[in-house]
Structure formats: C-alpha cells, structure tokens
Amino acid sequence: MDFLSILEQGLIFGIMAVGILISFRILNFPDLSVDGSFALGAAVAASILIHGGSVFVAILAATGAGFLAGAVTGVIHAKGKVDGILAGILVMIALYSVNLRVMGRPNIPLFTVDHLFAAKNGHLIKILLFAIAAKLLLDLFLKTHAGFVLRALGDNTKVVEGLGVNPGNFKIIGLGIANGLVALSGSLMAQYQGFADISMGIGTLVTGLASIILGESLLRRFKFIGATTIALVGSVVYRLILATAIHYGLEPGDLKLVTALILLGILILEKRMGGKYARV
C-alpha cells in the first residue's frame, strides 16, 4: 500500500469532513446538498484551469461556488420553510445539471494543464497547508460571536431567538461555509487525481459522516483534541481502512457498500455502548 497517497487523499477528504462537521455537528442539519457541492468544486476548478485560469483563481472560485450552493440550501430551508432534508435533496439534484453545464461534458481531464499538483513532488506539503488552514480558520471563526451563535443554533434555536438574532440567516451562513469547504475539497481532489467527473460527489455525505464518527470513536476520550482535528484524523483512518480492504482483494466498485457497512457498524456499536458523540 502507498501510505503517502493514503495520507494525502485522507487529508483532502478531511477538508470535506470538516465542512460536513459544520452542518452535521454544529447546525444539526442533514445537508444532502454536499454530494453536489463536492462535484461543483471540481467542475468549477477544472473548467477554469482548462481555459487558462490560475490555480489560485480556480480554487477560490470553486470554494465560492460551494458557499453559494450551501447558502441556497439554507435559503430554501430558512426562508422557504422547506424541510432540511428535502431542501438538500432539491439542491443536490439541481447541482447535477449545474455541474454538467459548468463542465460542458461529463468529464474533464487535467493531465495537460498546469494545476496545483502538476509537479511530481511536494503534494503532501501543499495538501497539509490547505488542511491546516481550513482547520485553523474554522476554529478561529467558531470562537467569534458569529461562531458562538452558530454553535448555540444547533443546540437550541429558542436561545438564539432570545438573543434577538435571526436563526435563519446564521443557518444560511453556516451551510454556506460547510459547502464551501466541501467544494474546496472537491477542487483539490480533481487536481490531485487529474480529472473532474460529474459523478465524483456521489456518497460524499456518507463518506464525511463515516470519517467524523470514526474519528470520534477513536479520539473522543482525549478531551484536548478539537472536533476539526478529529474529523481530519478520522478521514485519514477511513482512507486507510478502504485501502487495506482493496489491498486484500476488495473490488473498488464495492467501496460505497463498505463505507455504508463501516458507518452502520460504528453506529450500532456506539448505540450498544451507550456512547454520545462529541459536540463542537
């Protein structure tokens, strides 16, 4: 097994897991639109790169597009009074068409264009910089007034309303940040693997949840480890489990099934042990 590749992919997907941490743990919101946001980030970045755009612009635009997608989900839910799960499904379905329109075709190869990982060396350092930056910036944001409001919003909406704050507006912002991070992860993964594909976001939510819950199961007892670090570590461990399964003969097409089984096993085990997941 290529442990360096496992670590690199684990950290890229870890950024996605940190994004899902916001919606799933902080906002207590089952945001299914992340499946579309991951592919959206890849689509936007790839489209800009093949048209001669810079890597910085491609990544920034991808992150911004993801933020807008998450904000749309928040608006549909908060302003349109649509159930959260349904709002996410609607945006996820819409993003399939949007992504196809952005790309112009189902797949964009990036092997002949200049991108973040065009050079053969230094991949891990670049990925570490993005992962650490995403973690630290989110940690800092959660310590601000807006961050405290978001954390309170997931626990008790009535408390937030009592502070004279519109909870819907903060939910829109939170979902925007979450999907922005997911799209950032998608843009990095497209460049890492050398192509963007219309279907690459399928199973993003389940993969992110598996990473978060796996990390919590392993590191929850260590109170000094933050939730964002837990998400990153859980993602790396999750990738290691999948790589080990493939190494011992599992077909790549079975990975989604393995993901579902891993998540189901952890949930059942935690339920029987009476465990409680860590809150941010």
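Look above for the structure.
The shown structure was predicted, so the numbers you read here are calculated from the model rather than taken from an experiment.

**Regarding the overall build of the chain**
Thinking step 1. For the chain, the count of helices and strands is 11 helices and 2 strands.
Thinking step 2. Compactness check: the chain gives a C-alpha radius of gyration of 18 Å against a globular reference of 19 Å for 280 residues, within 12% of the reference.
Thinking step 3. Along the first, second and third principal axes, the C-alpha set of the chain runs to 55 × 40 × 30 Å.
Thinking step 4. Burial analysis of the chain (280 residues in total) assigns 49% to the buried set.
Thinking step 5. In the chain, once contacts between residues fewer than 6 apart in sequence are set aside, the share between residues at least 24 apart is 80%.

**Observations concerning the nonpolar core**
If you look at soluble globular proteins, the nonpolar side chains tend to sit buried side by side.
Thinking step 1. Membership of the largest hydrophobic core comes to 75 residues, with the highest contact counts inside it found for I15, I20, F38, L110, L181, L188 and M189.
Thinking step 2. Examining the composition of this core, we find that 11 residues originate from one element, helix α1 (residues 3-26), more than from any other.
Thinking step 3. Apart from the residues within four sequence positions on either side, F38 is in contact with F13, M16, V182, S185, G186, M189, M200, G201 and T204.

**Description of the pattern of salt bridges**
Thinking step 1. The final tally for this structure, using the stated rule, is 2 salt bridges.
Thinking step 2. Between E216 and R25 there is a salt bridge; the shortest N-O distance is 2.7 Å. Residue E216 is located in helix α9 (residues 204-219), and its partner R25 is located in helix α1; the two are separated by 191 residues in the primary sequence. You'll find E216 and R25 in the same group, each marked buried.
Thinking step 3. Linking D139 and K135 is a salt bridge whose minimum nitrogen-to-oxygen distance equals 2.7 Å. Of this pair, D139 and K135 both sit in helix α5 (residues 123-142), 4 residues apart, which is roughly one turn of that helix.

**Observations regarding the packing of helix α2 (residues 34-50) against helix α3 (residues 55-78)**
To describe two helices that pack against each other, one gives the angle between their axes and the distance between the axes.
Thinking step 1. Look at α2 against α3: their axes get within 8 Å of each other, and the N-to-C directions meet at 150 degrees. Relative to α3, the element α2 lies roughly antiparallel. Like other packed secondary-structure pairs, α2 and α3 cross with a definite hand, here right-handed. In this structure, α2 uses S37, L40, G41, V44, A45, I48 and L49 to contact α3, whose residues at the interface are V55, V57, A58, A61, A62, A65, G66 and A69.
Thinking step 2. Partitioning the contact of α2 with α3 into residue classes produces 12 nonpolar, 3 polar and no charged.

**Some remarks on the packing of aromatic side chains**
How two aromatic rings sit relative to each other is set out by the distance from centre to centre and by the angle between their planes.
Thinking step 1. The final tally for this structure, using the stated rule, is 3 aromatic pairs.
Thinking step 2. Ring geometry for F13 versus F38: centroids 5.8 Å apart, planes at 10 degrees, classification stacked. Taken together, the residues F13 in helix α1 and F38 in helix α2 connect sequence positions 25 residues apart. The pair F13 / F38 is uniform in exposure class, with both members buried.
Thinking step 3. On the basis of an interplanar angle of 65 degrees and a centroid distance of 6.0 Å, the ring pair of F222 and F224 is categorised as edge-to-face.
Thinking step 4. With a relative accessible area of 70%, F224 lands in the exposed category.
Thinking step 5. One Lys or Arg, R239, reaches over the ring of F13 and ends 3.9 Å from the middle of that ring.

**Considerations on helix α8 (residues 167-193)**
Thinking step 1. With 27 residues, α8 should reach 39 Å at 1.5 Å per residue; the first-to-last C-alpha distance of 39 Å fits that figure.
Thinking step 2. Burial of α8 is extensive: 23 of the 27 residues sit out of reach of the surface.
Thinking step 3. Within two residues after α8, G194 carries a phi angle of roughly 90 degrees, on the positive side.

**Focus on helix α4 (residues 84-103)**
Thinking step 1. Look at α4: 28 Å from first C-alpha to last across 20 residues, which is about the 28 Å you get at 1.5 Å a residue.
Thinking step 2. Among all positions of α4, only G84, A87, G88, V91, L95, N99 and M103 are buried.
Thinking step 3. As for α4, its buried residues are in contact with α2, α3, β1 (107-109) and β2 (195-197).
Thinking step 4. Between the side-chain oxygen at the start of α4 and the backbone nitrogen of I85 there is a gap of 3.1 Å, and the oxygen is on D83.
Thinking step 5. In the stretch just after α4, G104 is the one whose phi turns positive, near 85 degrees.

**Observations regarding the layout of surface pockets**
Thinking step 1. Counted as a void, the largest pocket has a volume near 700 Å³.
Thinking step 2. The set of elements that each furnish at least two residues to the lining of the largest pocket consists of α1, α8, β2, α9, α10 (227-247) and α11 (255-273).
Thinking step 3. For the lining of the largest pocket, the element with the highest residue contribution is α10, accounting for 5 residues.
Thinking step 4. Residues belonging to the lining of the largest pocket are distributed by class as follows: 15 nonpolar, 9 polar and 4 charged.
Thinking step 5. Roughly 370 Å³ of volume is contained in the second largest pocket.
Thinking step 6. Along the walls of the second largest pocket sit 17 residues, with T63, A134, L137, L181 and L184 positioned nearest its centre.
Thinking step 7. Of all the secondary structure elements, the ones that give two or more residues to the lining of the second largest pocket are α3, α5 and α8.
Thinking step 8. Taken together, the residues of the lining of the second largest pocket sort by class into 14 nonpolar, 3 polar and no charged.

Quick notes on the rules
- Along each chain, numbering runs from 1 in the same order as the chain's sequence is written.
- In view of the model being predicted, local features appear only for residues whose pLDDT reaches at least 70, and side-chain atom pairs are presented and counted only at 80 or more, with totals across whole chains, interfaces and linings using the full set of residues.
- Side-chain numbers come from the whole structure's heavy atoms, not from hydrogens or water.
- Put simply, DSSP H or I for four residues or longer makes a helix, DSSP E for two residues or longer makes a strand, and each gets a number counted from the N terminus.
- We compute the radius of gyration from the C-alpha atoms alone; for a globule the expected value is 2.2 Å times N to the 0.38, where N is the number of residues.
- Using a 1.4 Å probe on the protein chains alone, a residue whose accessible area is under 20% of its type maximum counts as buried, one over 50% counts as exposed, and one in between counts as partly exposed.
- Here, residues are in contact when the closest pair of their heavy atoms is within 4.5 Å.
- The nonpolar core is taken to be a set of buried Ala, Val, Leu, Ile, Met, Phe, Trp, Tyr and Cys residues, with the residues joined through side-chain atoms within 4.5 Å.
- When a carboxyl oxygen of Asp or Glu lies within 4 Å of a side-chain nitrogen of Lys or Arg, that pair is called a salt bridge.
- A fitted line through C-alpha atoms represents every axis, and for helices the fit uses only the stretch in contact; the resulting angles, taken between N-to-C directions, go from 0 to 180 degrees.
- Roughly parallel covers angles under 35 degrees, roughly antiparallel covers those over 145, roughly perpendicular covers 65 to 115, and oblique covers all other angles.
- By the definition used in this description, the sense in which the near helix is turned from the far one sets the handedness, with an anticlockwise turn below a right angle giving left-handed and a clockwise turn giving right-handed.
- Only Asp, Glu, Lys and Arg are considered charged in this grouping, and only Ala, Val, Leu, Ile, Met, Phe, Trp, Tyr, Cys and Pro are considered nonpolar; every other residue, Gly among them, is considered polar.
- Each pair of aromatic rings taken from Phe, Tyr and Trp, with Trp reduced to its six-membered ring, is defined by centres within 6.5 Å and is described as stacked if the planes are under 30 degrees apart, edge-to-face if over 60, and tilted in the remaining cases.
- Throughout this description, the term charge over a ring refers to an Arg CZ or Lys NZ atom that lies within 6 Å of the ring centre and within 35 degrees of the ring normal.
- Multiplying 1.5 Å by the residue count of a helix minus one yields the expected span of that helix.
- Here a polar contact is taken to be a pair of N or O atoms separated by no more than 3.5 Å, where protein atoms must pair a possible hydrogen donor with a possible acceptor and residues adjacent in sequence count only if both atoms sit in side chains.
- Each cavity reported here is a set of points on a 1 Å grid over the protein atoms alone in which a 1.4 Å probe fits but cannot get out, each pocket an open set with protein on both sides within 12 Å along at least five of seven lines, and each lining residue one with an atom within 4 Å of a point.
- Grid points are joined across faces, edges and corners, and a volume is the space filled by probe spheres set on the points.

Remember, this is a structural readout, not a statement about activity or role.
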